[in-house]
Amino acid sequence: MSDNYVPKSAVGKWFNERLPLLDLIYGHLMPYPTPKNLNYFWTFGGILTFCLVTQIITGLVLAMHYVADADLAFASVEHIMRDVNYGWLLRYIHANGASLFFMAVYIHMARSMFYGSYKEPRELIWIIGVFIFLLMIATAFMGYVLPWGQMSFWGATVITNLFSAIPIVGESVTNWLWGGYAVGSPLLTRFFTLHYLMPFLIFALVILHVWALHVPGNNNPEGIDVVKGSQDTVPFHPHYVVKDLFALVVFLIIFAGFVFFVPNLLGHTDNYIQANPLQTPEHIVPEWYFLPFYAILRAVPDKLGGVILMVSAIAILAFLPWLDTSKVRSAKYRPLYKQFVWLFFANTIFLGYLGAQVADGMYLIMGRIATVYYFAHFIIILPLLGYIEKTKPLPKSLSEPVLSKKEKEILASGATT
Amino acid sequence: MSDKPVTRRNFLYITTGTFTAAGAASLVWPFVDQMNPDASVKALASTEVDLRPIAPGQSITVLWRGKPVFIRRRTPEEISEAKAVSLDELPDPQDDSARAKNPEWLVMVGICTHLGCIPLGQKGEYNGWFCPCHGSHYDTSGRIRKGPAPTNLEIPDYVFLNDNTIKIG
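Below, the structure is looked at part by part.

Criteria and thresholds
- Residues numbered from 1 in each chain as written.
- Chains lettered and ligands numbered in written order.
- Predicted model: local features only at pLDDT ≥ 70, side-chain atom pairs only at ≥ 80, totals over all residues.
- Heavy atoms only, no water.
- Helix = DSSP H or I, 4+ residues; strand = E, 2+ residues; numbered from the N terminus.
- Buried < 20%, exposed > 50% of the residue type's maximum accessible area, 1.4 Å probe, protein only.
- Contact = heavy atoms within 4.5 Å.
- Buried area = accessible area lost by both parts, 1.4 Å probe.
- Salt bridge = Lys/Arg side-chain N within 4 Å of Asp/Glu carboxyl O.
- 1 Å grid on protein atoms, 1.4 Å probe; cavity = no way out; pocket = protein on both sides within 12 Å on 5 of 7 lines; lining within 4 Å.
- Points joined across faces, edges and corners; volume = space filled by probe spheres on them.
- Nonpolar A, V, L, I, M, F, W, Y, C, P; charged D, E, K, R; others polar.
- Axes fitted to C-alpha atoms, helices over the stretch in contact; angles between N-to-C directions.
- Parallel < 35°, antiparallel > 145°, perpendicular 65-115°, else oblique.
- Left-handed = near helix turned anticlockwise from the far one by under 90°.
- Pairing = 2+ DSSP bridges.
- Expected span 1.5 Å × (residues − 1).

### Comments concerning the environment of Lys-338 of chain A
Residues and elements named next belong to chain A.
Here is step 1: Here Lys-338 shows up in helix H14 (residues 335–355).
Here is step 2: Under the relative-accessibility criterion, Lys-338 is labelled partly exposed at 34%.
Here is step 3: Between the C-alpha atom of Lys-338 and that of Met-151, which follows or precedes it by 187 residues, the distance is 39 Å.
Here is step 4: Ignoring sequence-local partners within four residues, the contact set of Lys-338 consists of Phe-114 and Ala-331.

### A few points about the interface of chain A and chain B
Here is step 1: Residue-level contacts link 13 residues of chain A with 11 residues of chain B.
Here is step 2: Across the interface of chain A and chain B, roughly 990 Å² is buried in total on both sides, 65% from carbon and sulfur atoms.
Here is step 3: On the chain A side of the contact with chain B, Asp-83, Asn-85 and Tyr-86 of chain A bury the most area, a combined 49% of that side's loss.
Here is step 4: Inspection of the chain A/chain B interface yields zero salt bridges.
Here is step 5: Sorting the residues of the side of chain A that touches chain B by element identifies helix H3 (44–63), helix H4 (73–82) and helix H5 (87–115) of chain A as the ones contributing at least two each.
Here is step 6: Here the side of chain A that touches chain B takes three residues from H3 of chain A, the largest share from any one element.

### A word on empty space enclosed by the protein
Residues and elements named next belong to chain A.
Here is step 1: In the structure shown here, the tally under the stated rule is two cavities of 30 Å³ or more.
Here is step 2: In this structure, the largest cavity occupies an estimated 60 Å³ of space.
Here is step 3: Ala-295, Arg-298, Ala-299, Leu-354, Ala-359, Tyr-363, Leu-364, Gly-367 and Arg-368 are the residues that line the largest cavity.
Here is step 4: If you list the elements that add at least two residues to the lining of the largest cavity, you get helix H11 (291–299) and helix H15 (361–388).
Here is step 5: The greatest single-element share of the lining of the largest cavity, amounting to four residues, is contributed by H15.
Here is step 6: Approximately 30 Å³ is the volume found for the second largest cavity.
Here is step 7: If you trace the second largest cavity, you find it lined by Phe-74, Val-77, Glu-78, Arg-91, Pro-147, Asn-271 and Tyr-272.
Here is step 8: Residue contributions to the lining of the second largest cavity peak at three residues, all from H4.
Here is step 9: Partitioning the lining of the second largest cavity into residue classes produces four nonpolar, one polar and two charged.

### Remarks on the packing of H5 of chain A against helix H10 (residues 236–261) of chain A
Residues and elements named next belong to chain A.
Here is step 1: Viewed as axis vectors pointing N to C, H5 and H10 meet at an angle of 130 degrees, and their least axial separation amounts to 9 Å. With respect to H10, the axis of H5 lies oblique. Two packed elements cross with a definite hand, and for H5 against H10 that hand is right-handed. The residues of H10 that touch H5, namely those facing Trp-88, Leu-89, Tyr-92, Ile-93, Asn-96, Gly-97, Leu-100, Met-103 and Ala-104, are Phe-251, Ile-254, Phe-255, Phe-258, Val-259 and Phe-260.
Here is step 2: Looking at the contact of H5 with H10, its residues break down into 13 nonpolar, two polar and no charged.

### A closer look at the pattern of salt bridges
All names here are of chain A.
Here is step 1: Here the structure, examined in full by the defined rule, presents 16 salt bridges over all chains.
Here is step 2: One salt bridge in this structure joins Asp-225 and Arg-329, with 3.1 Å as the shortest N-O distance. Here Asp-225 is found in the loop between helix H9 (185–213) and strand E2 (233–235), whereas its partner Arg-329 is found in the loop between helix H13 (320–323) and H14, with 104 residues between them in sequence.
Here is step 3: Residue classification places Asp-225 among the exposed positions, given a relative accessible area of 58%.
Here is step 4: Its salt-bridge partner being Arg-334, residue Asp-324 comes within 3.3 Å of it at the nearest N-O pair. Of this pair, Asp-324 sits in the loop between H13 and H14 while Arg-334 sits in the loop between H13 and H14, and the two are 10 residues apart along the sequence.

### Overview of the pairing of strand E6 (residues 128–131) of chain B
Consecutive side chains along a regular strand alternate between the two faces of the sheet.
All names here are of chain B.
Here is step 1: Sheet analysis places strand E5 (residues 120–123) next to E6, joined by three bridges and oriented antiparallel. When the sheet's bridge partners are listed, Gly-121 is paired in E6 with Trp-129.
Here is step 2: Connecting E5 to the antiparallel partner E6 that follows it, the hairpin turn spans four residues, and Gly-124 within it adopts a positive phi of roughly 90 degrees.
Here is step 3: Bridge count between E6 and strand E7 (residues 136–138): three bridges; the pairing is antiparallel. Bridging across to E7, Trp-129 finds its partner in Tyr-138.
Here is step 4: Connecting E6 to the next strand, E7, in antiparallel fashion are four residues, including Gly-135 with a positive phi near 70 degrees.

### A short note on unusual backbone geometry
Here is step 1: Cis peptide bonds are those with omega within 30 degrees of zero, and the linkage from Glu-120 of chain A to Pro-121 of chain A qualifies with 5 degrees.
Here is step 2: Mapping Pro-121 of chain A onto the fold places it in the loop between H5 and helix H6 (123–145).
Here is step 3: Residue Pro-238 of chain A is reached from His-237 of chain A by a cis peptide bond, and omega for that bond is 5 degrees.
Here is step 4: Tracing the backbone through its elements, the reader meets Pro-238 of chain A in helix H10.
Here is step 5: Non-glycine residue Gln-122 of chain B carries a positive phi angle of around 50 degrees.
Here is step 6: The class of Gln-122 of chain B is partly exposed, set by a relative accessible area of 33%.
Here is step 7: Phi at Asn-127 of chain B takes a positive value of approximately 60 degrees, unusual for a residue other than glycine.
Here is step 8: Considering the arrangement of structural elements, one finds Asn-127 of chain B in the loop between E5 and E6.

### With respect to H14 of chain A
Residue and element names in this part refer to chain A.
Here is step 1: End to end, H14 covers 31 Å across 21 residues, agreeing with the expected 30 Å (1.5 Å per residue, within 8%).
Here is step 2: Those residues of H14 not exposed but buried are Tyr-337, Val-341, Phe-344, Phe-345, Asn-347, Leu-351, Gly-352, Leu-354 and Gly-355.
Here is step 3: The inward-facing, buried residues of H14 abut H5, H11 and H15.

### Looking at the sheet that holds strand E4 (residues 105–109) of chain B
Residues and elements named next belong to chain B.
Here is step 1: Read across the sheet, three strands follow the order E2-E3-E4 without closing on themselves; strand pairing throughout is antiparallel. Lying at the two open borders of the sheet, with one neighbouring strand each, are strand E2 (59–64) and E4. The sheet shows a mean angle of 20 degrees between the axes of neighbouring strands, direction not considered.

### Digging into the environment of Ile-71 of chain B
Residues and elements named next belong to chain B.
Here is step 1: Among the secondary structure elements, Ile-71 is positioned in strand E3 (residues 67–73).
Here is step 2: As a C-alpha pair, Ile-71 and Pro-103 span 32 residues in sequence and 12 Å in three-dimensional space.
Here is step 3: Apart from residues no more than four positions distant in its own chain, Ile-71 is found in contact with Val-49, Leu-51, Ile-54, Gln-58, Ser-59, Ile-60, Val-62, Trp-105, Leu-106, Val-107, Ile-166 and Ile-168.

### A word on the side chain of Asp-139 of chain B
Here is step 1: Assignment of secondary structure puts Asp-139 of chain B in the loop between E7 and strand E8 (144–146).
Here is step 2: With sequence-adjacent residues up to four places away left out, Asp-139 of chain B is seen in contact with Leu-90, Tyr-126, Gly-128, Trp-129 and Arg-145 of chain B.

Dropping the structure here:
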């Protein structure tokens, strides 16, 4: 795809002959053939890359002022908020950036599920994506611990205690994680180190994700194969560069709205109270983006069982390309799947709502039902649908569904003349 | 200039480009400014010193904004020595009266103007200060006399709050 790139300047030529880096970047960003019918749900890849870079840059700068020590961490975050020039801005971008990162990644994943982007030949792109999601969860959780407020501390306590559910070695593993017998300075320091490292691992996986994507090319709303360089594709630049940039600007307006008007809306007030190892807050909740998984954890009345189910809820995503037995990708041509996938999205959001409630009475019962449905979607519904669903006929090209009857006739007659 | 007419498209390109550049520049500033001295550092910008314990011929070093400041109660000999020097002999000519508000008290930043080491007191060929790093000699008024340092030792802003107290900064 990049054979025809020739740098204009002499320096560019000299460089490119020795290291074809410009060639590589050019090939992936400029002529890269893209299906012509991608909708705005396809702009989240670019938005997510932007989020990652924003988090890395603001994080780097915050790390210049933050102190990873149980006695100093909380004060150093307040120091960033009050004393450091624009520290409030940088921290609010970083904290809200994490939330918006997850918002974008959930839309991105939902897009893949709706249009069947994870199916052959794109399984590996999806699996790399699941690993990116896992790393994001770990990074966000560890980052939330760093301010060392009450929610940080007790969140860290609850999550690290999950490991104590492991039979026999659970307690040793937990003590090893803590570097002590309770959550304290050693844990905070290692979480800071890992929180710093993981975004760079995510970045490396993102490169693999895009590389793997550019082998078969993008899926599209019709979910059919398109021939690269045919009438069905357009060059990435300027068509999708402009579309992605426009979507990014809209996303940035929302981002700025959070940062400048409601910077603490998505956080929890208890995290502005310094960590107190002697008192647990009345109501512990994780950040909103973990709530569905938190609800699954609490739905199980068994310690080990809850942990296993919560981990499985994420791990099962990696097997999605094989659990879904239908050959048709897009939900547009799968009347039954279309309903079930919406039901699955609604159920996941409902789980998130339940995760924020006190785990008691009706909420607990509903949580169990929603948890069962979450897994049933993957283990029962998806494998069965492939056999019982009568799919709609697929179009032969991306143009076909948007052409009128008359245009089709002209096209058909034109083919003969 | 080409003779092509200015189109609506040219206008849109230039305005979009300008707004993007201005936006990017204003976004970069917080990331640069966060490394400047912050509010907590600026809050420590002045230091008060009680001069009573210092006898003639004694010096103390106090910390101001993280830097050492020499406060020396000079002996009459040192004062007369400092006043006697002809300005022609000095690489960085400055009268002693311009360097000490009260001739008895010499207050200066104790950092060699060459590369930032702390000079040793009452050493060197001029009985003032001598920097061990690269051999700069300062006189009893803290003026550079010999060696690589380009200028005299810096005099910070300070005021006598009363006869016994000064405020630096």
